[in-house]
Amino acid sequence: MLQEQIKNYREMVTLKDGTYILLRAMTPPDKDGLIDMFSAVNQDDLRYMRHNVNDNKLIQRWCDELDYTKVLPILALVKDRIVGNASLHYSDGAERHIAEVRIFLTKDFRKRGLGMKMLKALIDVARKQGVSILTAKIIPEKSKVVKAFKELGFKSSCLLDDYFMFPDGETTDIVLLTLNLQQHIDEF
C-alpha cells in the first residue's frame, strides 16, 4: 500500500451488538483523542504496556513523528471517540519482511470482538504491503488473547523465558506467535 492509500484507509466494521466502528489510519490531529483514550489506562494495564502511555509528551511525539513506513497505527473510533489502537511495527534489514502486531482496546470495548476485527484489518493491510511474516508477543497468562490470534492462523513459535520486564523489575515469559502470509509452494 502506498503512503497515500494508507492515509486514506477506511473500513467500517460492525460488532455483534450492532455497534458501528470506523477503522482508519492514525493522523497527527488524533493526539487529543489518543490522550483521552490512554488517560483511562489504569496501573494494571500500564504494567503490560511497552511504554508509559499516560505520558502526554510520548503521545505528542507519536503524532509528530508519524512515519507509516516504520509504524502503521490503525485507530478504532465510535463517532469521535478512539476506543482502540492496533499497529504494525515494521522491521528492517534482514528482517524487513516481518512486522509485529500490537493491539490496545479500552476496557469497555474488550471481549466484544473488536480486537479480532482490528487484527483481521492488520493482516489484510500487511498482505497488501507485501509483508511475509507477522509476529505477536503475548504473555501466556493472556490465554484468551493467544487463542484469538491462533483462531486467525497464528502459530506458537516459541516461549521466550523472562522476556518481558514489568515496571517493578519482575519478569515474565512471552509466547512468540507468527503468521506466515506468503504461500510457499514447492516446485519440481
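Throughout what follows, the structure given in this document is the object of discussion. The structure displayed is predicted, hence computed values, not measured ones. (Residues numbered from 1 in each chain as written. Predicted model: local features only at pLDDT ≥ 70, side-chain atom pairs only at ≥ 80, totals over all residues. Heavy atoms only, no water.)

Quick look at the pairing of strand β4 (residues 81-90)
Reasoning step 1: Taking burial as the measure, the 10 residues of β4 include nine buried ones, the bulk of the element.
Reasoning step 2: Counted along the chain from strand β3 (residues 71-78) to the antiparallel partner β4, the turn is two residues long, and its residue K79 has a positive phi close to 55 degrees.
Reasoning step 3: Strand direction decides the pairing type here: β4 and strand β5 (residues 98-105), joined by seven bridges, are antiparallel. By the bridge assignment for β5, N85 is matched with F104. (Buried < 20%, exposed > 50% of the residue type's maximum accessible area, 1.4 Å probe, protein only. Helix = DSSP H or I, 4+ residues; strand = E, 2+ residues; numbered from the N terminus. Pairing = 2+ DSSP bridges.)

Quick word on the pattern of salt bridges
Reasoning step 1: Applying the stated criterion across every chain yields a total of 12 salt bridges.
Reasoning step 2: In this structure, R47 engages E170 in a salt bridge whose closest nitrogen and oxygen atoms are separated by 3.6 Å. On the criterion of sequence distance, the pair formed by R47 in helix α3 (residues 43-47) and E170 in the loop between β7 (155-165) and β8 (171-180) is long-range, its members being 123 residues apart.
Reasoning step 3: On the accessibility criterion, E170 (42% relative accessible area) is partly exposed.
Reasoning step 4: Between K128 and D124 there is a salt bridge, with the nearest N and O atoms lying 3.2 Å from each other. Of this pair, K128 and D124 both sit in helix α5 (residues 114-128), four residues apart, which is roughly one turn of the helix.
Reasoning step 5: Connected via shared salt-bridge partners are R50, E100, R102 and K137. (Salt bridge = Lys/Arg side-chain N within 4 Å of Asp/Glu carboxyl O.)

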